[in-house]
2 protein chains.
Amino acid sequence: MDASDGMQVVPPEGGAVRELLRVGGGVVELGAVDPRSTPGLPAVAGRGSARKAWARQQVELIGAGLGRQQEMLFAGAQAATGPQAPTSAPTSGGTELGRGRPQRVLLVLQAMDCGGKDGTIKRVAGAMNPLGLHIRSFGPPTRQERRHDFLWRIRREVPPPGYVGIFNRSHYEDVLIARVESLVPEATWRTRYDKINAFERELTDAGVRLVKVMLHISHAEQGERLLERLTDPTKYWKYNPSDLDSRARWDDYQAAYAEALSRCGTDAAPWHVVPADRKWYRDWAVAHLLRETFDELDLGYPPAGFDVAAERGRLCGD
Amino acid sequence: MDASDGMQVVPPEGGAVRELLRVGGGVVELGAVDPRSTPGLPAVAGRGSARKAWARQQVELIGAGLGRQQEMLFAGAQAATGPQAPTSAPTSGGTELGRGRPQRVLLVLQAMDCGGKDGTIKRVAGAMNPLGLHIRSFGPPTRQERRHDFLWRIRREVPPPGYVGIFNRSHYEDVLIARVESLVPEATWRTRYDKINAFERELTDAGVRLVKVMLHISHAEQGERLLERLTDPTKYWKYNPSDLDSRARWDDYQAAYAEALSRCGTDAAPWHVVPADRKWYRDWAVAHLLRETFDELDLGYPPAGFDVAAERGRLCGD
């Protein structure tokens, strides 16, 4: 029924996308990553515009697999904690982050304005069951949030076991915009890299698989996308005059990103820079990153936590 | 690229699904609604198994439209409250429910076990952008939740302006399971119908469009679906032995549903009973209910809240 019948997911060329796009553990030079490049895209994708159609079909195929793996992740958590346990709030007892075992995935998306965070969520998360997604957007902190430590609002939104979380912006804003726009003194944001690393260590210890992604666009591509938002009336709502103020500080933001990626790219929670001028490549790469993460979890459906034959007898005797 | 190219959404036959499936304003007789019936399904759907394929294609088509309308709903709220305003928590000032204007949609799904709530969410909400969805499941209340009024946890999860909320179970559990299983004294649950009506009135006054749906399955169909969960190891995780205890009280639950639908089916927030033994009809009907709700909102993209020419000048002068 759909055009991808008979097609298979083709692995990336040259190794896992997770390895190809990984940065950190040293100085990060964003200028050395071409936002129009397509690392790992296999030769079978073809050339020119053919690649786009190919990549879109691959994303659909990968998406179907992500949906199946997401269900297994969810099923495992339900079996571990009882049905309906993974509701909105983590319940009583122990740490805030749960009991250590049941796993979850958390995709952290960061980008300059127009970098494609929303589009990535729509394309990649759109293939999964919305019931098992925990998507949270972090805008400028509210008055209440500002009364707390910068990680307070983040901790409250860590996905429950079994869920796939997506952070549309994140705690990294607190070493990006907070730094570039001097929202807090330097002495404050300087301490945050270590705090972030400690927090993320806590998360990974509690069974959270972190997939941290910077969608990397060029200054020129940002300009074109902003112009589109100022030309197409159905896109006005996406535009904010303050976008141009941030754009004027492009180099400062790139430097802030480079330091965040360098200092917070750890073995437990590495950073990935996804070239994002080409939307089809961006989606393809993020889909593979999630796929590789799920594959590592080695998921399966949990065994019955009850006596199957006895329950069948109860059901059929009624 | 997909099989539905050239197809159009065919309107339901005999009037809006919203009218055809509406109950309330009098005694509700669930026994009079055949769970295998297909009210409103047009003759063009064909006969027998052809209808299923037709309905599935229609749901895809309707879904694409829902996605577009959802974006307009979201855009309108962003324009009204500033970009990134509709984050997780309603902010300071005024009522908890927002400023009255910006609209949102809230689908309330109730059903007996195996009634198809999860499947409906996957199929119907799956077509929308997950970024604009606010899906919440309400399981047994936690200890913290039990310390508050039964509406406390519900109020916290009302979707922010611009969002499409889905409640997977809801405050109606407090006059269903709470009544049938005597979780609270009769004197307590008896007062809740009026409280629910007052609460929902508050919601609709604040711009929330409520779409309340009971997925209506037969006792026999529930039996078959439970058996499937006890037969297919990839479905064990969906089964809970307590499901059979609820099944043993089928008539009590049906009576509790009938009273809830009768007493809380108001003009501002009517109840709809969707025959749900046939999954394809269920999805088709719920998709139309949402479509009709969106159509009433008469959505469009908001005008620019800034001087477009001036901003274009700023952008191109840089």
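These numbers were taken from a predicted model, which means no experiment stands behind them.

A.B. asks: It is not clear to me how the overall build of chain A should be interpreted in this structure. Could you clarify?
C.D. replies: Helix and strand content of chain A: 13 helices and six strands. In summary, chain A has a C-alpha radius of gyration of 21 Å against a globular reference of 20 Å for 318 residues, a match within 12%. Dimensions along the principal axes, computed over C-alpha positions, put chain A at roughly 75 × 50 × 40 Å. In chain A, which comprises 318 residues, the share counted as buried stands at 54%. Put simply, 81% of the contacts in chain A that link residues at least 6 apart link residues at least 24 apart. Counting only carbon and sulfur atoms, one obtains 49% of the accessible surface of chain A, whose full area is about 13,700 Å².

A.B. asks: Before we go on, may I ask you to explain the packing of helix 8 (residues 192-205) of chain B against helix 11 (residues 250-263) of chain B in this structure?
C.D. replies: When two helices pack together, their arrangement is given by the angle between their axes and by how far apart the axes lie. Residue and element names in this part refer to chain B. Taken N-terminus to C-terminus, the directions of helix 8 and helix 11 make an angle of 45 degrees; their axes are 10 Å apart at the nearest point. As the angle between them shows, helix 8 and helix 11 are arranged oblique. Seen along the crossing, helix 8 lies across helix 11 with a hand that is right-handed. On the side of helix 8, the interface is formed by Tyr-193, Asp-194 and Asn-197, while helix 11 contributes Glu-259, Ala-260 and Arg-263. Grouping the constituent residues of the contact of helix 8 with helix 11 by class yields two nonpolar, one polar and three charged.

A.B. asks: I would appreciate a short explanation of the sheet that holds strand 2 (residues 104-111) of chain B in the present structure.
C.D. replies: All names here are of chain B. If you trace the six strands from one edge of the open sheet to the other, you get 1-6-5-2-4-3, paired in mixed fashion. Where the open sheet ends on each side, the last strands, each with one partner, are strand 1 (22-23) and strand 3 (133-137). Pairing between strand 5 (residues 208-216) and strand 6 (residues 271-275): five bridges, direction parallel. Each bridged residue has a counterpart across the sheet, and for Met-214 the counterpart in strand 6 is Val-273. Sitting on the sheet, helix 3 (residues 117-124) touches strand 2, strand 3, strand 4 (164-168) and strand 5, and the angle it makes with strand 2 is about 145 degrees.

A.B. asks: Please explain the pattern of salt bridges as it appears in this structure.
C.D. replies: A pair can form between side chains of opposite charge whenever their charged atoms are brought close. In the structure shown here, the tally under the stated rule is 48 salt bridges over all chains. Each member of the salt-bridge network shares a partner with another, and the members are A:Arg179, A:Glu186, A:Arg190, A:Asp194, A:Glu259 and A:Arg263.

A.B. asks: Is there a simple way to think about the interface of chain A and chain B in this case?
C.D. replies: It is common to give the size of an interface as the accessible area lost on bringing the parts into contact. The interface is formed by 58 residues belonging to chain A together with 58 residues belonging to chain B. Summed over both sides, the interface of chain A with chain B buries roughly 5,200 Å², with 66% coming from carbon and sulfur. On the chain A side of the contact with chain B, A:Leu131, A:Trp237 and A:Leu315 bury the most area, a combined 14% of that side's loss. Applying the counting criterion to the chain A and chain B interface returns two salt bridges.

A.B. asks: Hey, could you run me through the relation of the copies chain A and chain B in this one?
C.D. replies: Superposition of the two copies of the chain requires a rotation about an axis and a shift along the axis. Superposing chain A onto chain B takes a rotation of 180 degrees combined with a translation of 0.0 Å along the rotation axis, leaving an RMSD of 0.0 Å. A rotation of that kind, with that shift, is consistent with a two-fold axis. Interface overlap between copies: 100% of the residues of chain A at the interface are likewise at the interface in chain B, consistent with a symmetric, same-surface contact.

A.B. asks: Where do I start with helix 12 (residues 279-297) of chain A in this structure?
C.D. replies: Each turn of an α-helix holds 3.6 residues, which means side chains three or four residues apart point in the same direction. Spanning 19 residues, helix 12 of chain A covers 28 Å between terminal C-alpha atoms, matching the ideal 27 Å at 1.5 Å per step. Once helix 12 of chain A ends, the next one or two residues include A:Asp298, with phi positive near 55 degrees.

A.B. asks: Got a minute to help me understand the packing of helix 3 of chain B against helix 12 (residues 279-297) of chain B in this structure?
C.D. replies: Residue and element names in this part refer to chain B. Where helix 3 meets helix 12, the axes come as close as 10 Å, and the angle between the chain directions of the two elements is 60 degrees. Relative to helix 12, the element helix 3 lies oblique. Relative to helix 12, the crossing made by helix 3 is right-handed. When helix 3 is examined against helix 12, the residues Gly-119, Thr-120, Arg-123 and Val-124 are found in contact with a partner set consisting of Arg-282, Asp-283, Val-286, Ala-287 and Leu-290.

A.B. asks: Sorry if this is basic, but what is going on with helix 9 (residues 219-229) of chain B here?
C.D. replies: Within the span of helix 9 of chain B, buried status applies to B:Glu221, B:Gln222, B:Gly223, B:Arg225, B:Leu226 and B:Arg229. Where helix 9 of chain B is buried, its residues meet helix 13 (308-316) of chain A together with helix 10 (242-248), helix 11 and helix 12 of chain B.

A.B. asks: Quick question: what am I supposed to make of the confidence of the model for chain A here?
C.D. replies: The predicted coordinates should not be examined in detail at positions where pLDDT is low. All names here are of chain A. In the predicted model, chain A carries a mean pLDDT of 91, and 91% of its residues have values of at least 70. Under a pLDDT of 50 for its full length, residues 83-100 has, in the predicted model, 30 contacts with residues more than four places off or in other chains. For this predicted complex, the interface score ipTM comes out at 0.88, alongside a pTM of 0.91.

Thresholds applied
- Residues numbered from 1 in each chain as written.
- Chains lettered and ligands numbered in written order.
- Predicted model: local features only at pLDDT ≥ 70, side-chain atom pairs only at ≥ 80, totals over all residues.
- Heavy atoms only, no water.
- Helix = DSSP H or I, 4+ residues; strand = E, 2+ residues; numbered from the N terminus.
- Rg over C-alpha atoms; globule rule 2.2 N^0.38 Å.
- Buried < 20%, exposed > 50% of the residue type's maximum accessible area, 1.4 Å probe, protein only.
- Contact = heavy atoms within 4.5 Å.
- Areas by Shrake-Rupley, 256 points an atom, 1.4 Å probe, with all protein chains shown as cover.
- Axes fitted to C-alpha atoms, helices over the stretch in contact; angles between N-to-C directions.
- Parallel < 35°, antiparallel > 145°, perpendicular 65-115°, else oblique.
- Left-handed = near helix turned anticlockwise from the far one by under 90°.
- Nonpolar A, V, L, I, M, F, W, Y, C, P; charged D, E, K, R; others polar.
- Pairing = 2+ DSSP bridges.
- Salt bridge = Lys/Arg side-chain N within 4 Å of Asp/Glu carboxyl O.
- Buried area = accessible area lost by both parts, 1.4 Å probe.
- Least-squares fit on C-alpha atoms with pLDDT ≥ 70 in both.
- Expected span 1.5 Å × (residues − 1).
- pLDDT = per-residue confidence, 0-100.

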